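Each chain, written out:
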Amino acid sequence: MPDQFIELQTARLRLIPLSVDHLKLCQNAREDLAPALNIELAEDFFFDDVILRAIRLKIGKLERLDPAAHDWATYWMIVIERESGPGIGAGMVGFKGAPNSAGSVEIGYGIAPSFRNRGFMTEAAQTLIDWAFTHSECQNITATNVLRSNKASQRALEKMGMERTGTANGTLSWVLTRAEYEAGRA
């Protein structure tokens with residue numbers, strides 16, 4: 001049975017895997033996404049042209065994908081929990097697909113400016129990494145095209161135990177192997 005449409009939760013946040021219909025709302029009617037997920041959206045959580053293009057590509061990929069692989073290929077909404085009222089959708093995290101033949105997946109993420117530098121992004125990505133490593137086919141997680149100037153993202157990757165593996169065209173690449181992950185959990 002696939003993990004499809006499970007939510008992941010910590011004390012401070014929830015991760016909701018977005019369906020194709022949710023992604024279409026991101027693209028066409030952002031104001032309809034919040035009620036569909038029973039959340040509020042951060043005022044500064046916006047979808048620029050780059051993000052909208054990525055969402056269009058993600059929708060096309062998901063529509064052709066085996067539903068069992070959905071959670072590996074979709075975006076997960078980062079919902080910051082509050083003591084009262086609905087949580088606040090503040091960003092997205094996700095993998096670019098299921099592990100390849102070498103067991104590798106690539107992670108990507110983004111969070112609204114008002115929620116940066118508060119540990120939410122690290123916590124959300126770590127939660128998704130923990131989920132990924134519960135699957136035996138996942139052997140390593142990469143992060144590529146991380147801008148050299150994005151020190152906050154680099155700090156988050158370091159906190160998650162990732163190691164820098166290379167540089168190219170002003171960007172950095174990172175990896176976390178299953179062995180390093182398990183050693184860090186011991």
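Up top you'll find the structure we're talking about.
Remember, it's a predicted structure, so these values are computed and weren't measured experimentally.

> Where do I start with the pattern of salt bridges in this structure?
Where side chains of opposite charge bring their charged atoms close, a pairing between them can arise. Taken as a whole and judged by the stated rule, the model has seven salt bridges. Residues Arg14 and Glu81 are paired through a salt bridge, measuring 2.8 Å at the closest nitrogen-oxygen approach. Residue Arg14 is located in strand E2 (residues 13–17), and its partner Glu81 is located in the loop between strand E4 (75–80) and strand E5 (88–95); the two are separated by 67 residues in the primary sequence. Overall, the relative accessible area of 25% leaves Glu81 in the partly exposed class. What you see here is one network of salt bridges that share partners, running through Glu7, Arg14 and Glu81.

> Would you mind going over the pairing of E2 with me for this structure?
Residues in a regular strand point their side chains to alternate faces of the sheet. Judged by how many residues are buried, E2 sits mostly within the fold: five of five residues are covered. Going residue by residue along E2, you find Leu13, Leu15 and Pro17 tucked away on one face and Arg14 and Ile16 tucked away on the opposite face as well. Here strand E1 (residues 8–9) folds back onto E2 in antiparallel fashion, the turn holding three residues.

> Looking at this model, I keep getting lost on helix H3 (residues 49–64). Mind explaining?
Count 3.6 residues to each turn of an α-helix, and residues three or four apart come out pointing the same way. Along its 16 residues, H3 runs 23 Å from first to last C-alpha, staying within 8% of the 22 Å computed at 1.5 Å per residue. Within H3, burial applies to Leu52, Ile55, Lys58, Ile59, Gly60 and Leu62. Looking at the buried residues of H3, the elements they touch are helix H1 (20–28), helix H4 (70–73), E4 and E5. The opening residue of H3, the one whose side-chain oxygen lies 3.1 Å from the backbone nitrogen of Val50, is Asp48.

> Would you take a moment to explain the packing of H1 against helix H2 (residues 30–37) for this structure?
Relative placement of two packed helices is described by the angle separating their axes and the distance separating the axes. It is the contact of H1 with H2, at a shortest axis distance of 6 Å, that shows an interaxial angle of 150°. Between H1 and H2, the residues in contact are His22, Leu25, Cys26 and Asn28 and Arg30, Asp32, Leu33, Ala36 and Leu37, respectively. Along the lines of polarity and charge, the residues of the contact of H1 with H2 split into five nonpolar, two polar and two charged.

> Hey, could you run me through helix H5 (residues 120–132) in this one?
Spanning 13 residues, H5 covers 18 Å between terminal C-alpha atoms, matching the ideal 18 Å at 1.5 Å per step. Burial runs high along H5: twelve of the 13 residues are buried. Restricting attention to buried positions, one finds in H5 the residues Phe120, Met121, Thr122, Glu123, Ala124, Ala125, Gln126, Thr127, Leu128, Ile129, Trp131 and Ala132.

Scoring rules and cut-offs
Residues numbered from 1 in each chain as written. Predicted model: local features only at pLDDT ≥ 70, side-chain atom pairs only at ≥ 80, totals over all residues. Heavy atoms only, no water. Salt bridge = Lys/Arg side-chain N within 4 Å of Asp/Glu carboxyl O. Helix = DSSP H or I, 4+ residues; strand = E, 2+ residues; numbered from the N terminus. Buried < 20%, exposed > 50% of the residue type's maximum accessible area, 1.4 Å probe, protein only. Pairing = 2+ DSSP bridges. Expected span 1.5 Å × (residues − 1). Contact = heavy atoms within 4.5 Å. Polar contact = N/O pair within 3.5 Å; in protein donor to acceptor, adjacent residues only side chain to side chain. Axes fitted to C-alpha atoms, helices over the stretch in contact; angles between N-to-C directions. Nonpolar A, V, L, I, M, F, W, Y, C, P; charged D, E, K, R; others polar.

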